[in-house]
Amino acid sequence: MNILSIGAHPDDIELGCGGTLIKAAREGHNVFMYVLTRGGASGDPVERTHELITSANFVGAEKLWVDNFEDTKITVSNKLINHLEYFIHKSNPDIIFTHSAQDYHHDHRAIAEATMEASRFSQNVLAYEVPITKTFNPQVYYDISDVMEDKLELIKVFWSQRNKLFTRTNAVKGLAEYRTFQSRLNTQLTAVESFEVAKMCLGKDFEPVKLPQQPLPETISRNVELDDIIEHSGKEAKQTIAENGLGMQYDSLLHRHGE
Ligand SMILES: [Zn+2]
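Moving on: the sheet that holds strand E7 (residues 192–199). Taken in spatial order, the eight strands line up as E6-E7-E5-E4-E1-E2-E3-E8 in an open sheet, and their pairing is mixed. Looking at the sheet topology across the chains shown, the edges are occupied by strand E6 (140–143) and strand E8 (230–232). Each strand of the sheet is rotated relative to its neighbour by a mean of 25°, with strand direction disregarded. As paired strands, strand E2 (residues 30–37) and strand E3 (residues 63–69) are joined by five bridges and run parallel to one another. The residue bridging Met33 from the neighbouring strand is Leu64, located in E3. Sheet strands touched by helix H1 (residues 12–26): strand E1 (2–7), E2, strand E4 (95–99), strand E5 (125–128), E6 and E7. Its angle to E1, the strand with the most contacts, is close to 165°. Packed on one face of the sheet, helix H6 (residues 169–183) meets E6 and E7 and runs near 70° to E7.

Rendered as structure tokens:
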């Protein structure tokens, strides 16, 4: 399957569905990550982009795209919808993960709304939560018990955000445990990521279905300035990490920050 995850800021995707993506990539699915801003309102955008690249390597993402919308200034606009539609088409997803429409952060809400417009020809859209999301009512649960420790490592990649309460291990783990209890799935499970259904289409065997992709209108591709977008393949770099160990890279991050 092709899985596209969409986030406003570096660390949103990882907090919301990082465990799901790690597990999906290990199972051989193609994971794509599209981040709209470089997080300039809460840190150095160069550093935060570097953290995103490290994250994509850890996940083993087929592609990471980092756009250049201004942090905290995202509104539903023709440009936003065009960019989302362009990368939705490029990744041809079976499932899209995006922000929740009721999210606490206005950038998140704008992307949630714009995703619904941009994904009008996609069949399956799920919304994720982050520890600060309010008014979230999940219907879909995905077991990440076997990759929870990996998710915690993934969040630590976002070193520049280490003082934010919601990136702390207790917050991330606590939410996953809370949703596990709430899901009433199985007492063997210890961690789940949960999702709201924004859109879902079932096939004849009741599996999520994907219909053939339609051509992307030229009016959309013409409105996307690719020069301003960073593209990175985490899948190739993943091999390097597997050979060298992520620990080395994390150690170098710690070293870089003088700790
Ligand atoms: Zn965010």
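Quick look at the packing of helix H3 (residues 78–91) against helix H4 (residues 106–118) now. For the pair H3 and H4, interaxial distance at closest approach is 9 Å and the crossing angle is 60°. With respect to their mutual orientation, H3 and H4 come out oblique. Our pair here, H3 against H4, has a crossing hand that is right-handed. Here Leu80, Ile81, Leu84, Glu85 and Ile88 of H3 come into contact with H4, specifically with Ala110, Ala114, Thr115, Glu117 and Ala118.

This next bit is on the pairing of E5. Taking every second residue as pointing to the same face, both faces of E5 are buried, with Val125 and Ala127 on one and Leu126 and Tyr128 on the other. With four bridges connecting them, E4 and E5 associate as parallel partners. Its bridge partner being in E5, Thr98 is matched across the sheet by Ala127. After leaving E4, the chain enters H4 and then returns to the sheet as E5, a path that is right-handed. Bridge count for E5 against E7 is four bridges, and the pairing is antiparallel.

The angle between the axes and the distance between the axes are what describe a pair of packed helices. Remark: H1 packs on helix H5 (residues 148–156), axes separated minimally by 9 Å, with the N-to-C direction vectors making an angle of 135°. What the angle tells us is that H1 and H5 run oblique. Pair H1 / H5 crosses with right-handed handedness. When H1 is examined against H5, the residues Glu14, Leu15, Gly18, Gly19 and Ile22 are found in contact with a partner set consisting of Met148, Asp150, Lys151, Leu154 and Ile155. Of the residues belonging to the contact of H1 with H5, the class tally is five nonpolar, two polar and three charged.

Core analysis: the largest hydrophobic core is formed by 60 residues, its most contacted members being Val31 and Met33. Broken down by element, this core gets its largest block of residues, seven residues, from H1. Leave out the neighbours within four places in its chain, and Met33 touches Ser5, Ile13, Ala56, Ala61 and Leu64.

This next bit is on H3. Given a rise of 1.5 Å per residue, 14 residues ought to cover 20 Å, and the 20 Å separating the end C-alpha atoms of H3 matches this to within 8%. Among the 14 residues of H3, ten are classified as buried, and the element is accordingly described as predominantly covered. Downstream of H3 by a residue or two, Asn92 has a phi angle that is positive, lying close to 45°.

Parameters and conventions
- Residues numbered from 1 in each chain as written.
- Predicted model: local features only at pLDDT ≥ 70, side-chain atom pairs only at ≥ 80, totals over all residues.
- Pairing = 2+ DSSP bridges.
- Helix = DSSP H or I, 4+ residues; strand = E, 2+ residues; numbered from the N terminus.
- Axes fitted to C-alpha atoms, helices over the stretch in contact; angles between N-to-C directions.
- Contact = placed C-beta atoms within 7 Å.
- Parallel < 35°, antiparallel > 145°, perpendicular 65-115°, else oblique.
- Left-handed = near helix turned anticlockwise from the far one by under 90°.
- Buried ≥ 20, exposed ≤ 12 C-beta atoms within 10 Å, placed from the backbone.
- Right-handed = clockwise from strand over helix to strand, strands pointing away.
- Nonpolar A, V, L, I, M, F, W, Y, C, P; charged D, E, K, R; others polar.
- Core = buried A, V, L, I, M, F, W, Y, C linked by C-beta atoms within 7 Å.
- Expected span 1.5 Å × (residues − 1).

As far as function goes, none of this settles anything; it's purely spatial.
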